[in-house]
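Chain residues, written in single-letter form:
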Amino acid sequence: MARLDLHLFGAPRLERDHTPVHFETRKALALLAYLALTRTPHRRDTLATWFWQESDQTHARGALRRTLAALNAVDADWLDTDREVIALNPRASLYVDVCAFRDLLASCAPANDGTRLDSLTRAVEIYRDDFLAGFSLRDSPAFDEWQFFQTEQLRRELANALKQLAQLQRARGEYATALAHAQRWLALDPLHEPAHRELMRVFAKAGERESALRQYNECVRVLDAELGVPPLEETTRLYEAIKSSHAAQIKESAPLLPSPPTPLPIVGRTNELDTLHAIHASIQTAGHLVLIEGEPGIGKTRLVETFLADANAPVVIARCYEGETGLTFAPILSALRAALSNRDAMQRVTRLPAHWVSEAARLLPEIGTPPTTPIESPGAQSRFFEGIARLLDTLLHSTRPGVLLMDDAHWADNASLDLFAFLARRLREHRWLILLTVRELPTQHPLKHLVAELARAGRTTELPLTRLDASAVCELTRAFGLPENVSADLFTESEGLPFFVVEYLHAFAASPDKFDWRLPDSVRRLVRSRLDAASETAQQLLGAAAVIGRSFDFDTLRDASGRSEDETLAALEELLARGLVKEMETPGAQYDFSHDKLRAFAYDQLTHARRRLLHRRVADAQIARHRQDAGAWAAHIANHLQLAGQNESAGAYFRIAGDHARTLFANREALAHYTTALALTGDATLHEPIGDLRTLLGEFSAALASYAAASAAPHARVESKIGNVYARRGEWESAVCHFQNALTALNGNSTPDEHARIYADWSWTAFRAGDKAEAMDLAERALALAQKANDEYALALAHNLLGILAKNAGELDHAREHFETSLALAETLSDPSARIAALNNLARAHAASGNLARAIAFAERALAQCVAQGDRHRQAALRNNLADLLHAAGKSAEAMLQLKQATVLFAEIGAESGETQTEIWKLVEW
């Protein structure tokens, strides 16, 4: 059997009996590396999707077969394959340098110092460069992501090995080799203070005192330049000892951590807790929603956490954060990923019907393959939301009703609020208790409308929280072990706000003899005193966590702070012990501030320069970690880049965030992202998509301004869009002028389909203006050109216009034929506009024939798709049309509901320019 050597440190290469083996594609080497390091069987479908993400499954599996054939041509015995599974043969004669490196490190643990030294030395010699240095697969982001994390992990393993080597060799007096390994350790991360200290010790032990002192000065310089912080006290103590020639007396010691604060009882909330438990116990077949409302610091989150601790029910928690209202579905995405991070949850998902998993995968691509149908296809948003609902049902399924919590829902993005509204309106189908915690909401907030709507069905309860009274403050004082006579002053100073009460109690317990109730800005000073009590490293980490701006994970905190893994872990444990941060009760290591006021204060304490530096480091960490789901994280990354002063990069990520928001039907979020990107970069290509979104939102004046800025010279596509906006507003002459400009801009260098689309839009404008003869002439020209170009979109538009003209001429059968042809063509298109128009017009045609049932069905389909698309003007028209149909069918209550919603939309759109635009209200067919 031939000897095979796979070298993955540095540029990857394969050797067969010491002769290099070359493959035609990089994928073969990448696949071999993945199989060698994972050492587990993989399904063919999974590997095909992983390495050939842009291909459909048939072509991806074909590419995988060809790659396997190339590998088998090298050696027929090193792969175990069957029709479904692929693995590396464990009996194959294959040397992998990464595996050898890790095997040597694993053998060190129980060995004596001599054996450890030998194994460590051999291991670091194998590590000649980073994992797959210079190698990547641009069309396989999943592999690049895996490669990145393997690289980071191997670098950490190398750092630990070099640390042990340097310490062992220093203890044995082998200073030259100790120095070489310490310097290599420091080169991995020049900000790593333990490596600087090890170099100082080696220099000092070797009698090179000046070199040791220079190393300290280098440490000071690099920390100031990169992090804007001084060295740790431990590093400075070592420097002073070396200066005094007492380095041998310095020993590293772990910081003494305070005892974790004793959890305080929840007081003054007995009635609210009893209400929550009673509602939860009463849920049998239909769910319930509870809105918990109160000012900041009133204890909303504490009340819910106390209830959940006793509820013995499955929970999914979506936490919203200030500054993240523009991050589309951010709280939902984080909540679902946390809930899915354990094995049992993923096993449950496998029992969910595949089509619902596919819909949920639009938001969570890691659970499956999203649908190939475009998001604008009929009913796509409803199916997407229903997929999320089915996923939640699976995760919350239990003998006791599950609980879905949205904490601080006043900071939720509009898309998340829409999804929660969808879920809440279907509570009769789900055994859930939905909890929303909010600050005091304005009357017009969407959640207020939702609660009022559900209240009529008896499925909602509002729990307003008030401040603690004097007796509750006295009870907390006793629980803290303080004299009861303190409680009167405590109640006066805190005014019964629970957060302030607890902060005062902490400060008073720490120094009762020196405590002064009359300090100005007392609560701010109380918070400062708690932060100042933490060690220097812990305070630095707290600042980095505050910049992250939300719950944070260990890796991002470590990378943002610039501290080592050991330093980050020690400081995080201290922050937990002091009660400044808390570990989230979700699978995986997630942390958050114990109160948002602590986060805000820690952020305020940072200098402007340090904030910018930390925002940049957070952005870099998130870019590295979220290559596969960059769209979902783009707005978060963009915010950090903007706060770091990197406007060009921030603008690029805001554009990605806008693109992502559009794929999830979140038009307002997309508009906000595009507008910010434009302000940061001045990229003129953003004006057109901004105009498109403003048109959908009914902001016609702003849309015209955006289109006008889209190009200096007339551009056919933009001119046509301007014409359509004028047509929506009833400004027929202006519309026609821009359609003519669009035709002129084509200048004979276009295909017939471009002309056809413009003539179709012009035909509708002529029809609305009352010139039916010109409308017919233009529609027929549009049809002839569309047939010549065989353009389905233009054909759909032309047949739709001819149908409108036939219907208004009383030729109902002829009209329906055109509308049905238009709908059949539109069903194949990703753009839903033509489909919505055909459905609406079919509804009107069937109504004219007296078939109200079919008319209502078509109108409801059109409305659902229009709501998903987010075209508010046409949604208003469809609701108005549906109201007429429902009224004619004797469904007065339903008709009135649609009419009210139509009136609100028409009023908002008609008033957007500050002028009355009656034609906007007259839209019924298009």
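Presented here is a report on the structure given in the accompanying data block. (Residues numbered from 1 in each chain as written. Predicted model: local features only at pLDDT ≥ 70, side-chain atom pairs only at ≥ 80, totals over all residues. Heavy atoms only, no water.)

Some thoughts on the sheet that holds strand E10 (residues 402-407)
Read across the open sheet, the five strands follow the order E9-E10-E11-E8-E12; overall the sheet is parallel. Unpaired on one side and paired on the other, strand E9 (315-319) and strand E12 (460-464) mark the two borders of the sheet. Ignoring strand direction, the axes of neighbouring strands in this sheet form an average angle of 15 degrees. Here strand E8 (residues 288-293) pairs with strand E11 (residues 432-438) via six bridges, running parallel. Paired with leucine 291 across the strands is leucine 436, a residue of E11. (Pairing = 2+ DSSP bridges. Helix = DSSP H or I, 4+ residues; strand = E, 2+ residues; numbered from the N terminus. Axes fitted to C-alpha atoms, helices over the stretch in contact; angles between N-to-C directions.)

With respect to the pattern of salt bridges
Here the structure, examined in full by the defined rule, presents 52 salt bridges. Between aspartate 139 and lysine 27 there is a salt bridge, with its nearest N and O atoms 3.2 Å apart. Here the residue aspartate 139 occupies a position in the loop between helix H5 (113-126) and helix H6 (141-171), and lysine 27 occupies one in helix H1 (residues 26-38), the gap between them amounting to 112 residues. Exposure remark for aspartate 139: the relative accessible area of 35% places this residue in the partly exposed category. Taken together, the salt bridges that share partners define one network made up of Arg156, Asp555, Arg558, Asp559, Glu565 and Arg625. (Salt bridge = Lys/Arg side-chain N within 4 Å of Asp/Glu carboxyl O. Buried < 20%, exposed > 50% of the residue type's maximum accessible area, 1.4 Å probe, protein only.)

Observations concerning helix H8 (residues 193-205)
The end-to-end C-alpha distance of H8, which contains 13 residues, comes to 18 Å, matching closely the 18 Å that a straight helix rising 1.5 Å per residue would cover. Turning to H8, its buried residues number three or more, namely Glu193, Pro194, Ala195, His196, Arg197, Glu198, Leu199, Met200, Arg201, Val202 and Phe203. Buried residues belonging to H8 abut H6, helix H7 (175-188), helix H9 (209-226), helix H10 (233-243) and helix H25 (565-577). A positive backbone phi angle near 85 degrees is found at glycine 207, which sits one or two residues after H8. (Expected span 1.5 Å × (residues − 1). Contact = heavy atoms within 4.5 Å.)

Some remarks on unusual backbone geometry
For leucine 132, which is not a glycine, the phi torsion comes out positive at approximately 50 degrees. Tracing the backbone through its elements, the reader meets leucine 132 in the loop between H5 and H6. A residue is classified by how much of its surface remains accessible, and leucine 132, at 2% relative accessible area, is buried. With a phi angle near 60 degrees, phenylalanine 329 is a residue other than glycine that sits in the positive phi range. On the secondary structure map, phenylalanine 329 appears in the loop between E9 and helix H13 (330-339).

Keep in mind these values describe shape, not function.
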